[in-house]
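Spelled out, the chains give:
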Amino acid sequence: MRAEGFIYIAHSDASGLFKVGISVTPERRITALQTADPSIKLLGSWATSDMPLIERLVHRRLSPCHISREWFHLSPAMLSWLRDLLEGKPVGSPPLHLN
């Protein structure tokens, strides 16, 4: 089912991991996550007309970096690649060096 909203990237200073998720209100989602981990910060969010599809496709591309559920270990190069992808910039395959 299509649903408009946002795909977002958040970072936990405590774990060093990145969360890639979807929400209609990313700021509220981050506030809710901060009850368990106050170090989580929203790095960016991008509007989409089909949150579930975009999230599934992005998670598939990030699968080599997957840690648990929506949490990933992203190298600086991979984070840059992901931001470019979500901003609609032309990108090739994800960087080979994932760590």
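Residues numbered from 1 in each chain as written. Predicted model: local features only at pLDDT ≥ 70, side-chain atom pairs only at ≥ 80, totals over all residues. Heavy atoms only, no water.

**Describing the sheet that holds strand E3 (residues 40-48)**
How we decide: Paired strands, as defined in this entry, are two strands with at least two bridges between them according to DSSP. Only DSSP runs of H or I covering at least 4 residues are called helices, and only runs of E covering at least 2 are called strands; the numbering of each starts at the N terminus. Contact between two residues is taken to exist if any of their heavy atoms lie within 4.5 Å; hydrogens are not considered. Whenever a helix is involved, its axis is fitted only over the stretch in contact; in every case the axis is a line through C-alpha atoms, and angles between N-to-C directions fall within 0 to 180 degrees.
Spatial ordering of the open sheet is given by E3-E1-E2-E5-E4, a layout of five strands whose pairing is antiparallel. Since the sheet does not close on itself, it has two edges, and those belong to E3 and strand E4 (66-68), each with one partner. When strand E1 (residues 5-12) meets E3, the two strands line up antiparallel, connected through eight bridges. Along E3, the bridge assignment pairs isoleucine 7 with tryptophan 46. Running at roughly 160 degrees to strand E2 (residues 18-23), helix H2 (residues 51-61) makes contact with E1, E2, E3 and strand E5 (71-72) of the sheet.

**Remarks on the pattern of salt bridges**
Where we set the bar: Each salt bridge in this description consists of a side-chain nitrogen of Lys or Arg and a carboxyl oxygen of Asp or Glu lying within 4 Å of one another.
By the definition in use, this model includes three salt bridges. Note that glutamate 70 and lysine 19 form a salt bridge whose closest N and O atoms lie 2.2 Å from each other. With a gap of 51 residues between them, glutamate 70 in the loop between E4 and E5 and lysine 19 in strand E2 connect regions that are remote in the sequence. Put simply, Asp84, Glu87 and Lys89 are held in one network by salt bridges that share partners.

**Considerations on H2**
Cut-off, in case you're wondering: Relative accessibility thresholds used throughout: buried, under 20% of the residue-type maximum; exposed, over 50%; partly exposed, between the two (1.4 Å probe, protein chains only). Directions from the helix axis toward the C-beta atoms define the arc.
Along H2, the residues that are buried comprise Met51, Glu55, Val58 and His59. In a view along the axis of H2, the buried residues occupy a sector of 100 degrees, so they form one face of it. Close packing links the buried residues of H2 with E1, E2, E3, E5 and helix H3 (76-86).

**Considerations on the side chain of histidine 59**
Summarising the element assignment, histidine 59 is placed in helix H2. In this structure histidine 59 comes out as buried when scored by relative accessible area, which is 18%. Apart from residues no more than four positions distant in its own chain, histidine 59 is found in contact with Val20, Glu70 and Phe72.

**Section: helix H1 (residues 26-33)**
Those residues of H1 not exposed but buried are Pro26, Ile30 and Leu33. Seen from one end, H1 has its buried residues packed into an arc of 60 degrees, which puts them on one side. In H1, the exposed residues that point more than 90 degrees away from the buried face are Glu27 and Arg28. Those residues of H1 that are buried lie in contact with E1, E2 and E3.

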